[in-house]
Amino acid sequence: MKTINLLWLITVCFLVSAVMPFDQGHCNALESFKNLNGTISIAGGTAHIPVMNDAAKTIMTFNPAVRITVEGGGTGVGVQKVGEGLVDIGNTGRALSPEEIGKYGLRSYAFALDGVAAVVNAQNSVSNLSAEQIMDIFAGKISNWKEVGGRDAAIHLFSRDEASGTREVFWKKLLKQGTVAQSANIVPSNGAMKVAVAQDPNAIGYVSIGHIDESVKALQLDGVAASQENALNGSYPVVRKLYMNTRGEPNPLVQAFIDYILSPDGAAIIRRHGYFPIE
Amino acid sequence: MPFGRPCGLRLRSKLERCIERILLIATAIAAVAIISILLLLAYFCLPLFTSGELGEVFSRRWQPFAGSYGILPMCAGSFAISLLALFLAFPGAVAICFFVHSLAPAPAAGLLKTLVHFMTGIPTVIYGFVSVFLLVPLMRDWLSAGTGFTLLTAAITLSLLILPTIVLVFQARLERIDPTLTLASAALGFTPIEQVRHVLIPASAQGLLVAAILGFGRAIGDTLISLMLAGNAAQFPVSLFVSIRTLTAHIALVLATDSQSMAYRSVFAAGLVLFLLMGMINLLIQRIGRADNEKTYEKDR
């Protein structure tokens, strides 16, 4: 019975791959998925989601026998889930600590460079702040927009939860590990941050550059725009790498996914979502 | 012949024994699950007790990056939000019950009942989602209450969530009250409103209490609404318009941190507090049920 099932599966896969269009010349990286089937589960960092979703969609369109699920949860969840074997790939927005690598035997694959930018509501007239001003705002020392050249309105602070990789890089590299006011609202994901800031004209928060769109305005830091070029040439300092992590050696399907993300096709997807690919 | 022949009887009793056994197993599984949850929680909390970090967890400040891990603001936040939600939902729920029970014309009562039943089926996330886009901007712009993600915003939404719970529990109590009681009062010339005031409320006082406690328990246990709407700032609820964090939201936010950290262990302390609180609420309800049996005015069953 089992062999018959397997035979069926192989036949179906074969038929499906036979009718797939090959008109795109650049689908070399996708070729490795041709004879594969099964599922890949991905969870963790929320900055990774746009890239993961796009790659998953492309792969699943090419070969419907491959199912890829993408969940969020944040960097901390990424480490825990992949470490406990609940998902195949756990995404993190920071390098793993030696304890985490030692405890679970994790392997990391850095694939993109990401910046974290302070964002304000699109209606806010302020568009440039110094690092000093941002530190004072998040510490609660500056509490009105008019103190930094905006209108007369209270500043509404939004920060991220303790397990967030985005928070970690923003706090270390921009706030210089300074205090964040106790009254700051805490949101649980990059997406929730964007919604909160987009809704509130007096809000300030921070998101991964890949999540920035017309609903929020990214602030210039000391006159330097938070763009991927500036992140790459080093003039914008609040940057980090995005990682995929697996427990031990990945299986062929997961390996193919990682190779795809690291391929030129994957690089194009990474660029399309505002991140910068790294080898 | 209603009971069939003897062999049919034997078959029946066999079937009954089988069903009894299945039910026993189901009960045992549920009981074992609850006890093991408690044991597991206690086990995870053990390091807190043995290392003397307990005082640190039950302190007034949560600043994990400055070495303070107090969950007392979250305890206070949970209590404040639940009491406020109860305060908002309870009068409305009780009014709905009396209205449906004795004041409303039948079609209106039926409609209201259907509506409440429908409300129980709405997923929590829908309430949260709608409130983020409707209630939060309203609170922010009209009341200029900070970011709009406040204690009051979350409590208002939470009150919608617990209203059906209170209504259903209290409604069930009201329906069990001996109808001769209302008949007698009607014969004495009481108007419907007088009946509610002088007969139904005193006769159902215990039901009111149980419904309130259950509503409170439902509010304390809810995670998503406070996580989405209360702002999650770890501070004491000093006014209606501050952002607060509940115990449940705290668990959801901190669970993903490094499992070796002190912040992570505080999650289990928060879990234990919640578990004990819910246990106490249940015990309280049971006690009320037992203590006051002669005062329920229920018809004989």
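Conventions used here
Residues numbered from 1 in each chain as written. Chains lettered and ligands numbered in written order. Predicted model: local features only at pLDDT ≥ 70, side-chain atom pairs only at ≥ 80, totals over all residues. Heavy atoms only, no water. Axes fitted to C-alpha atoms, helices over the stretch in contact; angles between N-to-C directions. Helix = DSSP H or I, 4+ residues; strand = E, 2+ residues; numbered from the N terminus. Parallel < 35°, antiparallel > 145°, perpendicular 65-115°, else oblique. Left-handed = near helix turned anticlockwise from the far one by under 90°. Contact = heavy atoms within 4.5 Å. Nonpolar A, V, L, I, M, F, W, Y, C, P; charged D, E, K, R; others polar. Salt bridge = Lys/Arg side-chain N within 4 Å of Asp/Glu carboxyl O. Buried < 20%, exposed > 50% of the residue type's maximum accessible area, 1.4 Å probe, protein only. Core = buried A, V, L, I, M, F, W, Y, C linked by side-chain atoms within 4.5 Å. Disulfide = S-S within 2.5 Å. Domains from an automatic or database assignment. Buried area = accessible area lost by both parts, 1.4 Å probe. Phe/Tyr/Trp six-rings, centres within 6.5 Å; stacked < 30°, edge-to-face > 60°. pLDDT = per-residue confidence, 0-100.

## Points about the packing of helix α4 (residues 106–120) of chain B against helix α7 (residues 151–176) of chain B
All names here are of chain B.
Phase 1: Where α4 meets α7, the closest approach of the two axes is 9 Å, and the angle between their N-to-C directions is 130°. The angle between α4 and α7 falls in the class oblique. For the element pair α4 and α7, the recorded crossing hand is left-handed. Contacts between α4 and α7 involve K113, V116, H117, M119 and T120 from the former and L160, L163, P164, V167, L168, Q171 and E175 from the latter.
Phase 2: Residues belonging to the contact of α4 with α7 are distributed by class as follows: seven nonpolar, three polar and two charged.

## Here's the deal with the pattern of salt bridges
Phase 1: Considering all chains together, one arrives at 15 salt bridges over all chains under this definition.
Phase 2: A salt bridge links A:D200 to B:R140; the nearest nitrogen and oxygen atoms lie 3.8 Å apart. Of this pair, A:D200 sits in the loop between α8 (190–199) and β8 (203–208) while B:R140 is found in helix α6 (residues 135–142), placing the two residues in two different chains.
Phase 3: Taking the relative accessible area as the measure of exposure, A:D200 reaches 0% and is therefore buried.
Phase 4: Residue class for B:R140 comes out buried when judged on its relative accessible area of 7%.

## A word on the nonpolar core
Residue and element names in this part refer to chain B.
Phase 1: Judged by nonpolar contacts, the single largest core of 85 residues is most densely connected at I81, F170 and L247.
Phase 2: Tallying contributions element by element places helix α3 (residues 72–103) first for this core, with 13 residues.
Phase 3: If we ignore the near neighbours within four places in the chain, the residues touching L247 are I71, M74, C75, S78, A270, V273 and L274.

## Here's the deal with the state of the cysteines
Phase 1: Per the counting criterion, the structure on display carries zero disulfides over all chains.
Phase 2: Free of any disulfide, B:C75 has its nearest cysteine sulfur in B:C45, 12 Å distant.

## Re the domain arrangement of chain A
Residue and element names in this part refer to chain A.
Phase 1: The domains assigned to chain A are domain 1 (2–113 + 240–277) and domain 2 (114–239).
Phase 2: With centres defined by C-alpha atoms, the gap from domain 1 to domain 2 works out at 30 Å.
Phase 3: Across the contact, 15 residues belong to domain 1 and 19 residues belong to domain 2.
Phase 4: Roughly 1,300 Å² is buried in total at the junction of domain 1 and domain 2, and carbon and sulfur atoms are behind 54% of that figure.
Phase 5: By the criterion of area lost to domain 2, the three top residues of domain 1 are T46, L113 and R240, representing 46% of everything that side buries.
Phase 6: At the junction of domain 1 with domain 2, the criterion picks out two salt bridges.
Phase 7: Across the salt bridge formed by D114 and R240, the nearest N and O atoms sit 3.0 Å from each other.
Phase 8: For the side of domain 1 that touches domain 2, the secondary-structure elements that each account for two or more residues are α4 (75–83), β4 (106–121) and β11 (239–247).

## Points about the packing of aromatic side chains
Phase 1: All told, the structure shown has 12 aromatic pairs over all chains when counted by the stated rule.
Phase 2: For the ring pair A:F33 and A:Y260, a centre distance of 6.2 Å and an interplane angle of 80° mean the geometry is edge-to-face. In this pair, A:F33 sits in the loop between α2 (28–31) and β1 (38–44) while A:Y260 sits in helix α10 (residues 252–262), placing the two residues 227 residues apart along the sequence.
Phase 3: Owing to a relative accessible area of 0%, A:F33 belongs among the buried residues under this scheme.
Phase 4: Between the aromatic rings of A:F138 and A:F170, the centroid separation amounts to 5.3 Å while the plane-to-plane angle is 65°, which identifies the pairing as edge-to-face. With A:F138 in helix α6 (residues 131–139) and A:F170 in helix α7 (residues 165–173), the pair connects residues that are 32 residues apart, well separated along the chain. When sorted by exposure, A:F138 lands in the same class as A:F170, which is buried.
Phase 5: One aromatic cluster is present, built from ring pairs that chain together B:Y43, B:F44, B:Y264 and B:F268.

## Focus on the confidence of the model for chain B
Regions with low pLDDT should not have their predicted coordinates read in detail.
Phase 1: Looking at chain B, pLDDT values average 86 and 92% of them are 70 or higher.
Phase 2: Note on the complex model: pTM 0.78, ipTM 0.78.

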